[in-house]
Amino acid sequence: MELPHAQAAVLRAASAEDATPIDELAAETDLPPETVTGAAFELEERGLVVVLSREEESTTLTEEGDEYADRGLPEVRLYEAARGLDADPVPMGEAIGRAGLEGPEVDIALSNYARKGYGEIDSGTVTTDPDAVPDTDSEAMALDAITAGEAAPSDEVLDRLERRGLIERSERTERTVTLSDDGVTALMEGVESRETVGQLTPELLASGEWRDVEFGAYNVEADAERVDGGRLHVLRETGERVKDVLVGMGFEEMDGPHADADFWINDCLFMPQDHPARTHWDRFALEEPSEIDDLPEGLVSRVERAHREGVGPDGDGYHSPWDEGFARALALRGHTTSLTTRYLSGTEIGEIDPPARFFSVEKAYRNDTLDATHLLEFFQIEGWVMADSLSVRDLMGTFEEFYAQFGITDIEFKPHYNPYTEPSFELFGTHPTTGELIEIGNSGLFREEMLEPLGVECDVMAWGLALERLAMLTTGAEDIRDLHGTLADLDFLRNAEVSY
């Protein structure tokens, strides 16, 4: 029997008694593993060998996972440090320092602490649950088992470790080759090899030798290496769709600074300076530069008067401290409504006459606790409409029209409180996978105390919607961290379909 060189070599190297792995055959024949695989499939088609395939999954620790296997998970170290102190609750800074947590480890510890039942984190303090047993932490035990090469933990634990970026899981197909009875007979009768060419090269074309050589057959059913090309990120895709929809509804786009004065971020929104959301626990202040140089002098005095005294005959203000120095402090914007105050004041593009509609799809930053629906930075869909005699019905109708463009028709509304809107309400949508209601935005009609200092004499309805939450509804993602950030699920991003 005459066979191509690779097939003849594999046939001679295979055994009728033992199933030989492809890698061993490649080493024995001095051929690449992919060549041996192709030859084995071709021999199987001739009935000379039997090829068996088995999927094997391997799990290895990442550099971060290896470090935690050695030093302990950040949340476990935080618990043990807090338990080692005399007080309960203990100051967060003291517990973090005692635990030796630095950089990203701090956020990781805080985001996983309450999730695992170690205690609570509230207002800069850490409490500990005396019944918690860190020695039985399933994720820590899994890291130890992987390090020791022991039996793999449950898929649920492995999924959590993979989302945290502590392990890497890979699948490979293990193939073995065994001689069939016909293969043994062929070897006994004698097998001769002939040279074949597997690739048409420029040299073969230039010399004309391609006319005389024998080309090997291609097995189009053989497994090939997966190559992942680039694609538009699901958030970018959703954001561009949002812009198209709002422009189609007659809106113009706003733009402005990510780092801005507290004056534009909060004071112009009639947000009292002693509001808890304006403390260092909820905002990212800038160290250098620490404050803005220029603010509109007349507007500053009008905003201060609204805070101190209120607006209109029934206004009473807050009767709380108001300091211009605090208003000048620079921070990363906690919402993109800072753009709205800049535009409504006329300082950004000049005075705007009603009717007018503006929007933005931009980043906002908050010192939140990381969980399935919260990140430290996120995209906000800001929008507002300026016109006479606006009502809640106009606002609800706008949302129904907007979300219908994404195939979402079951929006629910719940009354809410905001310092800068009255009436106010939150929006909720049903998650397509879990069936749970998730908050997707906040909205209302701006109060007179906000509009009067800005010089606006008609109604303004406004909203801040979460782009990531919208993406969760359109893609079925159950965790916001699957979309972007250090725990993003790359397989999900590669394969997610954005449906509208």
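As the structure is a computational prediction, the values presented were derived from the model and not from experiment. (Residues numbered from 1 in each chain as written. Predicted model: local features only at pLDDT ≥ 70, side-chain atom pairs only at ≥ 80, totals over all residues. Heavy atoms only, no water.)

K.L.:
Which parts of the structure should I look at to understand the overall build of the protein?
P.N.:
Broken down by element type, the protein carries 20 helices and 17 strands. Over its C-alpha atoms the protein spans a radius of gyration of 32 Å, topping by over 25% the 23 Å that the globule rule assigns to 500 residues. Here the C-alpha coordinates of the protein stretch approximately 110 × 65 × 40 Å along the principal axes. Within the protein, the fraction of its 500 residues that count as buried is 46%. Summarising the internal contacts of the protein: among those between residues at least 6 apart in sequence, 70% fall at separations of at least 24. (Helix = DSSP H or I, 4+ residues; strand = E, 2+ residues; numbered from the N terminus. Rg over C-alpha atoms; globule rule 2.2 N^0.38 Å. Buried < 20%, exposed > 50% of the residue type's maximum accessible area, 1.4 Å probe, protein only. Contact = heavy atoms within 4.5 Å.)

K.L.:
Got a minute to help me understand the environment of Ala 372 in this structure?
P.N.:
Along the chain, Ala 372 turns up in the loop between strand E12 (356–365) and strand E13 (377–387). Under the relative-accessibility criterion, Ala 372 is labelled partly exposed at 29%. When the C-alpha atoms of Ala 372 and Arg 211 are compared, they prove to be 63 Å apart, with 161 residues separating the residues in sequence. Sequence-distant contacts of Ala 372, that is, excluding residues within four places in its chain, are made with Met 472, Glu 478, Asp 479, Ile 480 and Arg 481.

K.L.:
Explain the pairing of strand E14 (residues 412–416) to me, please; I cannot follow it from the model alone.
P.N.:
Where E14 meets strand E15 (residues 421–430), five bridges bridge the pair, whose relative direction is antiparallel. Residue pairing in the sheet places Glu 412 in a bridge with Phe 428 of E15. Where E14 hands over to E15, the hairpin turn is made up of four residues, counted between the paired strands. (Pairing = 2+ DSSP bridges.)

K.L.:
How do you make sense of the sheet that holds strand E6 (residues 125–126) when you look at a structure like this?
P.N.:
Within a sheet, adjacent strands bond to each other through the backbone by hydrogen bonds, running parallel or antiparallel. Overall, antiparallel pairing links the three strands, which are arranged E4-E6-E5 in an open sheet. The strands lining the two open edges of the sheet, one partner per strand, are strand E4 (90–91) and strand E5 (121–122). Judged from the two bridges that link them, E5 and E6 form a sheet pairing that is antiparallel. Opposite Ile 121, over in E6, you have Val 126 as the bridge partner.

K.L.:
Teacher, can you tell me more about the nonpolar core here?
P.N.:
Across soluble globular proteins, nonpolar side chains show a tendency to be buried alongside one another. Counting residues in hydrophobic clusters, the biggest one holds 41 residues, and the most contacted among them are Val 242, Ile 381, Phe 402 and Tyr 403. If you list the elements that add at least two residues to this core, you get helix H12 (234–248), E12, E13, helix H17 (392–404), E15, strand E16 (437–446), strand E17 (459–466) and helix H19 (467–475). Apart from the residues within four sequence positions on either side, Tyr 403 is in contact with Ile 408, Ile 411, Leu 427, Ile 440, Leu 465 and Leu 470. Counting residues in hydrophobic clusters, the runner-up holds 32 residues, among them Phe 263, Ala 356, Val 456 and Ala 462. (Core = buried A, V, L, I, M, F, W, Y, C linked by side-chain atoms within 4.5 Å.)

K.L.:
Help me out: how do you make sense of the sheet that holds strand E7 (residues 167–179) in this one?
P.N.:
Reading across from one edge, E2-E7-E3 is the order of the three strands in this open sheet, with antiparallel pairing throughout. Taken across any chain shown, the strands that pair with only one partner, and hence form the sheet edges, are strand E2 (20–21) and strand E3 (49–61). The sheet contact formed by E2 and E7 spans two bridges and is antiparallel. Paired with Thr 20 across the strands is Val 177, a residue of E7. Helix-sheet contacts for helix H3 (residues 33–45) involve E3 and E7, and the interaxial angle to E3 is about 145°. Against the sheet, helix H8 (residues 138–148) contacts E3 and E7, and its axis sits at roughly 130° relative to E3. (Axes fitted to C-alpha atoms, helices over the stretch in contact; angles between N-to-C directions.)

K.L.:
I keep staring at the pairing of E16 and nothing clicks. Help me out?
P.N.:
Consecutive residues of a regular strand have side chains that alternate between opposite faces of the sheet. Burial analysis of E16 places eight of its 10 residues in the buried class, the great majority of the element. Connecting the antiparallel pair E15 and E16 is a turn made up of six residues, with Gly 435 showing a positive phi of about 75°. Strand direction decides the pairing type here: E16 and E17, joined by five bridges, are antiparallel. Residue pairing in the sheet places Gly 441 in a bridge with Leu 465 of E17.

K.L.:
I'm lost on the environment of Phe 270 in this one. Help?
P.N.:
Within the element layout of this structure, Phe 270 appears in the loop between helix H13 (262–265) and helix H14 (297–309). On a C-alpha basis, the gap between Phe 270 and Val 303 in space is 7.7 Å, while along the polypeptide they are 33 residues apart.

K.L.:
Just checking my understanding: could you explain empty space enclosed by the protein for this structure?
P.N.:
Take a probe with the size of a water molecule and roll it over the atoms, and the empty space left behind shows itself. Going through the model one piece at a time under the given rule, you end up with one cavity of 30 Å³ or more. Computed from the structure, the largest cavity encloses a volume of approximately 30 Å³. The wall of the largest cavity is formed by Leu 246, Ile 381, Thr 398, Phe 399, Phe 402, Trp 463 and Leu 465. Elements represented by at least two residues in the lining of the largest cavity include exactly H17 and E17. With three residues, the top contributor of residues to the lining of the largest cavity is H17. For the lining of the largest cavity, the residue count by class is six nonpolar, one polar and no charged. (1 Å grid on protein atoms, 1.4 Å probe; cavity = no way out; pocket = protein on both sides within 12 Å on 5 of 7 lines; lining within 4 Å. Points joined across faces, edges and corners; volume = space filled by probe spheres on them. Nonpolar A, V, L, I, M, F, W, Y, C, P; charged D, E, K, R; others polar.)

K.L.:
Explanation requested: the pattern of salt bridges in the structure shown.
P.N.:
Opposite charge on two side chains makes pairing possible when the charged atoms of those side chains draw close. Within this structure, the stated rule accounts for 31 salt bridges. Of the charged contacts in the structure, one is a salt bridge between Glu 57 and Arg 169, with a shortest N-O distance of 3.6 Å. Highlighted residues: Glu 57 in strand E3 and Arg 169 in strand E7, separated in sequence by 112 residues. Two residues, Glu 75 and Lys 116, come together in a salt bridge whose shortest N-O distance is 2.6 Å. Pair noted here: Glu 75 is in helix H5 (residues 74–83) and Lys 116 is in the loop between helix H7 (104–113) and E5, with a separation of 41 residues, a long-range link. Residue Glu 75 is classed as buried on the basis of its relative accessible area, which comes to 0%. What makes Lys 116 partly exposed here is its relative accessible area of 21%. (Salt bridge = Lys/Arg side-chain N within 4 Å of Asp/Glu carboxyl O.)

In short, geometric facts, not functional conclusions.
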